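Chain and residue survey
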Amino acid sequence: MNTAEHVKDFAVLLSETLACSRYVQRMLNSDPDLQNWLQQHCDTPCSSVEMQTLLDGADDEAQLGPAVRKLRKRVMCKLILRDINGLADLAEVMRTMTMLAEICVRQAQNCLMQSLCAQFGKPIGAESKTPQELLVIGMGKLGGGELNVSSDIDLIFVYAEDGETDGPRQLSNHEFFSRLGRRLINLINELTADGYVFRVDMRLRPYGDSGPLVMSFAALEEYLVSQGREWERYAWIKARVIAPESSVRIAELNALSQPFVFRKYLDFGAIDSMRKLHAQIRQEVQRRDRINNIKLGPGGIREIEFTAQVFQLIRGGRDSRLRIRPTQHVLRVLTENRQLDAAIAADLDQAYIFLRNLEHRLQYLEDQQTQDLPENPDDQLIIARGMGFPDFATFMSTLDVYRAKVSEQFEQIFGLPEQAKQTDDISPDGLSTDELAEKLARIGYRAATHTAEQLQQLRSGNRYRQLPDSSRQRLDKLIPQFITLAARQNDPDSVLQRLLSLLESISRRASYIAFLTEYPDAAERLVKIMAASSWASNFLTQHPSLLDELLSAREIYQAPDWTALENGIQHRLQDCGNDAERQLEVLHQTQQEQTFHLLAMDLQGLLPVENLSDHLSDLADLILRHVLRISWLTVRKKHRETPNFAIISYGKLGGRELGYASDLDMIFLYDDDHPDAQEVYSRLAQRINALLGTHTASGRLYETDLRLRPNGASGLLVSSIAAFDDYQRQQAWVWEHQALTRARFSAGDQSVGDKFNAIRESVLRQPRDQAVLQREIISMRQKMRDGHPNASELLDIKHDRGGMVDIEFMVQYLVLAYAHRFPQLTANIGNLALLKLAAELQLIPDVLAEKTRALYRELRRIQHRLRLNSDGPCRINPNEINTAACKQLWEILLP
C-alpha cells in the first residue's frame, strides 16, 4: 500500500473512531502529535515493548508522572481505534489494558523503591535477614487479565516479613512499605493537568478503608483465617501479583491465600453465600434505578462471572484446573469437566463477549467508568452503530436475548430450590412425639412412634444444638423433605432411619447439608439409593463427599470411560507433586467415585452382574497400577528407574468377578538378577500392601489377601519368576493349580506379566492322572464344605451342594484335566465362557452345560442382590431355585 492509500484508509478508521468516542476527539484536539503517532502505529496491537519505549527516559518520580499519563492516552486512543474498526477483538482489548496497568504499576514501584531505599536503606526481614519487597496484588478484572478500558484498578499491598531498613535513617518495614504504597497510589491515581493513569481502589484489602494500607504475610494469614468473609473468597479468586514481575515470594503468598479461597472439600455453601451477595447487589441496583446496567443488572456481566466462579469456589479445592482467573477460561474448563453443558457454556461465552464489547463502547464515549445504557437518543444511536446495528431498537432486541439466556442459567444455579418453596411437608418443629407419630402414620409409616422418637431425639441432641444457625436452619428444611420422600418408598421407617444416620454423620460438614438443600433432585436420587440398598446407604454415610456425584442423572448413569478416567487421574496426581499422602487421597477419591457410579447404575438396573464385575475389576487394576507407581517412588536404594515387577491377581479379581466389598487376592513377582532385587522388591510389595490396606480418613482402598503366594503365609512376600516357575512345577498342590486357572496379570511390567502367562499356560497344560485329580479336588471341596457348615433349612447358594463353589470346582477340574489336549481351556475367560467351551469340545453335555451356566448366572445375581442388603451368609429357601443341573454335572465329572 502506498502512502496516499494508507492516509486515506487511516482517515476512514479515524472517522469511525471519532463518531464513537468524544474522548478521542478531545485527546486529538489537545495533543497535535497524537494523530501522526496513531497513523504510524495503528496497524499492530499494542505491545509491552511499545509501551516501555514510550516510558524511556522517565527515571524519577517527577518525570514518570507525566510519562505514564501520556502513555495511557496513546494506548487508549490506539485501542479504541482498533476496536471500533474491527482490528482488535475483546481478548486484545482486555490484554492491552491489563498490560498497561501492569507496566505503569511496575515502573512506579521500581522508581519509588529506588527513591525510598536511597533515603532509608533496604527493608530487611527480621527472620530471614534478606531484603524485602512490596508485592502489589491485582484484584478483580486486573488480576484476571480482563481489565476494561475505563476501569479502576483494585490493589492490595503485602510484604513477606516485618523488620527494619538497613540505612542510617531506619524505618520499620511496615512504615517503609506504607510510604511506598501511598506514593504509588498518588503517582497512578492523582488527577493532574495531564489527566490520570488509573483510579486506584484499595477497599478490597483486609478491613477495607479502616485497615492498614500494607500488611505482612503473617498478618494477612491471620486475617483470612479468623476474619475473612465469604465475599472476600470470591474476590480473592482473581488475586494475582502484578508487581514485581517475578518474585520468589509469590509461591509463598499463593500457599497462604489458596486454602482460604479453595476449600479442601466440595463447598456447596458457596451457592447460598453468592446468592445473598448477588441479592445485595440487585437490591442496590433497584434502589438506584439501574436496571439497565449491563454489569450489575439482570443478565449482566456479573451474573456470568458469578456462574463461573461459584463452580470455582465449590470445586477448586479438589480440582486445580479451576484455580484460574479469566472467566472465559473457567467456562471452557467447566465444559471439559462436563460440569457445565457445552451449549450453555457457549451461550454464556457469547453473551460475555457481547456485553464486554458493549461495556467498552459505553466507556469509549467519554472515558468514564460506566455500564449504564444511555438515555440520550443520540448516544443510543452511537452505541448501536458501534455494536454493528443500524438502530437502537434492533440492538436492544439482541441485547435482551443475551441477557435472558444469562438470567435463565443464573436462576438455574442461584434460584431458590423448588423444595424450599413447598410448605406441605411434615415438620417435627413444634409437634409432640404423639402428634408427629400420628402425622407419620397417616402418610404410610408403619413404625410411626419409633420413627417420631428418633426425629425428636435428633433435634434435641447436643450435636444438633451445637450446629451453626445456618446449618440448623438447613437441617430443619431437609428433614421434612426427607420424611415426604421416604414415605414414597416400600419401607419408609428404615429408609428414613438411614437418612437420619447420614444427616447425623454429615451435620458438622455445612457444605454437605448445603448441597442437599440446594439440589432437591439430587436429594431425591439419594433417597432412592438409600431405599434400594443398606450397603449403598452405609457406603454413602462413610463417604459423604460422594453426594456430589448425585448432581447429574446423565453423568451418574454412564458407564466408565477408562481412558478419560486415566487421564483425569494423571492430572490430579501431577497436582500432588511428590506428596504421596495427597496422591493416595486422589486414588481413594477416584475409587469411591467410580464405585458409586457403578452402584447407582446397578441399583437402576442398568448393569448386569457380569458387566458390573468387569468394571469393578478394571477399576481395581487401575488403582493397582497407580499404587505400584506411587509405592516405587518411596522405595529406598532402588537400582533401576522402573521396577521389573508385576502384580498377579487371583480369585475374584483374577477371574474378573469382583464385587463391591471383595478383597484382592494377589501375589508379587519380579524378574531381576540384581543382588539387591529380593530386598528391594520385598520393600515395594510391603509398601503396596500397606497403601492398599491402610485405613485413612477416606477409608481403605482394598482388603488384601497374599496367602496364595508360593508356600502361603510362610513363604517369601515376593518371588522371582524363576522361583515361581520352579514352585508351580515341583511343589504346588492341586488346589494351587486350581487357583492358577483364575490368575492373571493386573499391573506392573508387561514383560514380567508375559512370562507369568507363559508359566501359567505351561503348568495348566501338564498331563494329569484324572483319577488322582478327581480325588484331590473332591477332598478339597469337602474341606471347604466342612469349613462352612449350614445347620439351617435354607440353601447356602455359595457353599452348599449344587451351589456356586461346586460349579467353580467343576470348571477348574475341566481345565486341569483337559488343557493338555485343548489348550484353549487355559484362557482366563470366566466360568460361564469356559462351561460353554467345554460343551463345544464335547467334554460335557450341551444341555447340562447350558443349564449349569444359567444356574451360575442366577446364583450370582441372587448373591449380588442379597449382599446389597446384608453382609451375612447368602441363604435362600431351597424352593426358590433348582440346582439339579449342577448336581448332575458333578456326578458326571467328579463321581
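See the structure printed just above.
Just so you know, these numbers come straight off a predicted model, no measurement behind them. (Residues numbered from 1 in each chain as written. Predicted model: local features only at pLDDT ≥ 70, side-chain atom pairs only at ≥ 80, totals over all residues. Heavy atoms only, no water.)

A few words now on the packing of aromatic side chains. Going through the model one piece at a time under the given rule, you end up with 18 aromatic pairs. Seen from their ring centres, F354 and F395 are 6.2 Å apart, and the 20° between their planes marks the pair as stacked. Here F354 is found in helix α15 (residues 342-364), whereas its partner F395 is found in helix α17 (residues 392-414), with 41 residues between them in sequence. You can call F354 buried: its relative accessible area is 10%. Judged by centre distance (5.0 Å) and plane angle (20°), the rings of W535 and Y660 are stacked. Taken as a pair, W535 in helix α25 (residues 534-542) and Y660 in the loop between α30 (651-654) and β9 (664-670) lie far apart in primary sequence, 125 residues in all. Look at Y660 and you get buried, because its relative accessible area is 16%. Put simply, the rings of F354, F389, F392, F395 and Y402 pair up and form one aromatic cluster. When the ring centre of W632 is taken as origin, the NZ or CZ atom of K638, which lies over that ring, is 5.7 Å away. (Phe/Tyr/Trp six-rings, centres within 6.5 Å; stacked < 30°, edge-to-face > 60°. Helix = DSSP H or I, 4+ residues; strand = E, 2+ residues; numbered from the N terminus. Buried < 20%, exposed > 50% of the residue type's maximum accessible area, 1.4 Å probe, protein only. Lys NZ or Arg CZ within 6 Å of the ring centre and 35° of its normal.)

The final tally for this structure, using the stated rule, is two cavities of 30 Å³ or more. Of the volumes computed, that of the largest cavity is approximately 80 Å³. Taken together, G655, E657, T741, R742, V811, Q812, N828, G830, N831 and L834 make up the lining of the largest cavity. Among the secondary structure elements, those contributing two or more residues to the lining of the largest cavity are α36 (804-818) and α37 (831-840). Of the residues that constitute the lining of the largest cavity, the class distribution is two nonpolar, six polar and two charged. Of the volumes computed, that of the second largest cavity is approximately 30 Å³. In terms of lining, the second largest cavity is formed by Y650, L708, Q728, W735, E736 and A739. Element by element, the count of residues in the lining of the second largest cavity is highest for helix α33 (residues 734-740), at three residues. Looking at the lining of the second largest cavity residue by residue, the class counts come to four nonpolar, one polar and one charged. (1 Å grid on protein atoms, 1.4 Å probe; cavity = no way out; pocket = protein on both sides within 12 Å on 5 of 7 lines; lining within 4 Å. Points joined across faces, edges and corners; volume = space filled by probe spheres on them. Nonpolar A, V, L, I, M, F, W, Y, C, P; charged D, E, K, R; others polar.)

Between its terminal C-alpha atoms α36 stretches 21 Å, which fits the 21 Å expected from 15 residues at 1.5 Å a residue. Taken across its 15 residues, α36 has 15 buried, putting it largely inside the fold. (Expected span 1.5 Å × (residues − 1).)

Another point: the pairing of strand β2 (residues 135-138). On β2, burial covers both faces: L135 and I137 on one face and V136 and G138 on the other are all buried. Note: β2 against strand β3 (residues 153-159), four bridges, orientation antiparallel. Bridging from a neighbouring strand, G138 pairs with L155 of β3. In terms of strand pairing, β2 meets strand β7 (residues 240-243) through three bridges, oriented antiparallel. Looking at the pairing, I137 lines up with V241 of β7. (Pairing = 2+ DSSP bridges.)

Below, the discussion takes up the nonpolar core. With 92 residues, the main nonpolar core has F482, L503, L516, L526, L547 and F645 as its most contacted residues. Among the elements that make up this core, the one with the highest residue count is helix α29 (residues 609-634) (11 residues). Ignoring any residue separated from it by four or fewer positions in sequence, one finds L526 in contact with F482, L499, L502, L516, L540, L547 and L550. (Core = buried A, V, L, I, M, F, W, Y, C linked by side-chain atoms within 4.5 Å. Contact = heavy atoms within 4.5 Å.)

If the charged atoms of two oppositely charged side chains come close together, the side chains can form a pair. Scanning the model with the defined rule gives 55 salt bridges in all. Close ionic contact of E657 with R742 constitutes a salt bridge, the shortest N to O distance being 3.1 Å. One end of the pair, E657, is in the loop between α30 and β9; the other, R742, is in the loop between α33 and β12 (744-748), and 85 residues separate them in sequence. Exposure class is identical for E657 and R742. Each is buried. (Salt bridge = Lys/Arg side-chain N within 4 Å of Asp/Glu carboxyl O.)

This next bit is on the packing of helix α35 (residues 770-787) against α36. Where α35 meets α36, the axes come as close as 11 Å, and the angle between the chain directions of the two elements is 160°. Of the possible angle classes, the one that applies to α35 and α36 is roughly antiparallel. Along this stretch, α35 crosses α36, giving a crossing that reads as right-handed. Of the residues in α36, those touching α35 at Q770, L773, Q774, I777, M780, R781, M784 and R785 are V805, D806, F809, Y813, L816, A817 and Y818. The residue inventory of the contact of α35 with α36, partitioned by class, reads 10 nonpolar, two polar and three charged. (Axes fitted to C-alpha atoms, helices over the stretch in contact; angles between N-to-C directions. Parallel < 35°, antiparallel > 145°, perpendicular 65-115°, else oblique. Left-handed = near helix turned anticlockwise from the far one by under 90°.)

Turning next to the pairing of β12. A large share of β12 lies buried, amounting to four of its five residues. Bridging between strand β8 (residues 645-650) and β12 involves four bridges; their strand directions are antiparallel. By the bridge assignment for β12, A646 is matched with G748.

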